[in-house]
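Single-letter residue listing:
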Amino acid sequence: MWETIRRWFDPTELRSVGETPDYRFSLANERTFLAWLRTGLALVGGGLAAAQFLPPLRVSHLREVIAVTLLLLGGVVAIRAVDHWARTERAIRLGEELPASRFPAILALAVGGGAVLLVVAVLIRAVGGR
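Residues numbered from 1 in each chain as written. Predicted model: local features only at pLDDT ≥ 70, side-chain atom pairs only at ≥ 80, totals over all residues. Heavy atoms only, no water.

Participant: Whenever I open this one, the overall build of the chain confuses me. Can you help?
Facilitator: When its secondary structure is counted, the chain shows five helices and zero strands. Its helices and strands in sequence order give the chain the pattern α-α-α-α-α, from N to C terminus. In terms of overall dimensions, the chain is more spread out than a globule: its C-alpha atoms have a radius of gyration of 19 Å, far above the 14 Å expected for 130 residues. Seen through its principal axes, the chain has C-alpha atoms that stretch 65 × 25 × 20 Å. Burial status across the chain gives 23% buried among its 130 residues. Taking all contacts inside the chain whose residues are at least 6 apart in sequence as the whole, residues at least 24 apart take part in 70%. Carbon and sulfur atoms form 68% of the exposed surface of the chain, whose accessible area is close to 9200 Å². Between the mean site of the 15 positive side-chain charges and the mean site of the 11 negative ones, the chain shows a separation of 13 Å. (Helix = DSSP H or I, 4+ residues; strand = E, 2+ residues; numbered from the N terminus. Rg over C-alpha atoms; globule rule 2.2 N^0.38 Å. Buried < 20%, exposed > 50% of the residue type's maximum accessible area, 1.4 Å probe, protein only. Contact = heavy atoms within 4.5 Å. Areas by Shrake-Rupley, 256 points an atom, 1.4 Å probe, with all protein chains shown as cover. Lys, Arg positive; Asp, Glu negative; His and termini not counted. Charge placed at Lys NZ, Arg CZ, Asp CG, Glu CD.)

Below, the structure is given as structure tokens:
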């Protein structure tokens, strides 16, 4: 694990592998990485917004659970982004098949499931408030 993390911060190690690819592929990989970072930042922003602006909910500490879940998910997305970027760049340089990932599907299910839970919480509050 520490070896993998060390590689993220050592550009000479990455450049020593394989051949220099067409720069367009590396730039496309970098744009994908930046898109994942934006997703992570959006989740972190949502977590901070939930912590600061959601009123206390009927279920004890639900607001805090929502906030912490979004913050953690944002952190996981950011870490996953850099790992995927490094593995993809390595595969490009070696002329190998790009690494497959289930992470986008898992993230989509987590966000979708979270949205459904939030809709239920909003409806419960709306119905219970009358």
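Here the narrative resumes, following the displayed structure.
Participant: How do you make sense of the confidence of the model for the chain when you look at a structure like this?
Facilitator: Regions with low pLDDT should not have their predicted coordinates read in detail. Put simply, the chain has an average pLDDT of 86, and 98% of its residues get 70 or more. Ranking the elements of the chain by mean pLDDT puts helix α2 (residues 11-15) last, at 72, and helix α3 (residues 23-53) first, at 93. (pLDDT = per-residue confidence, 0-100.)

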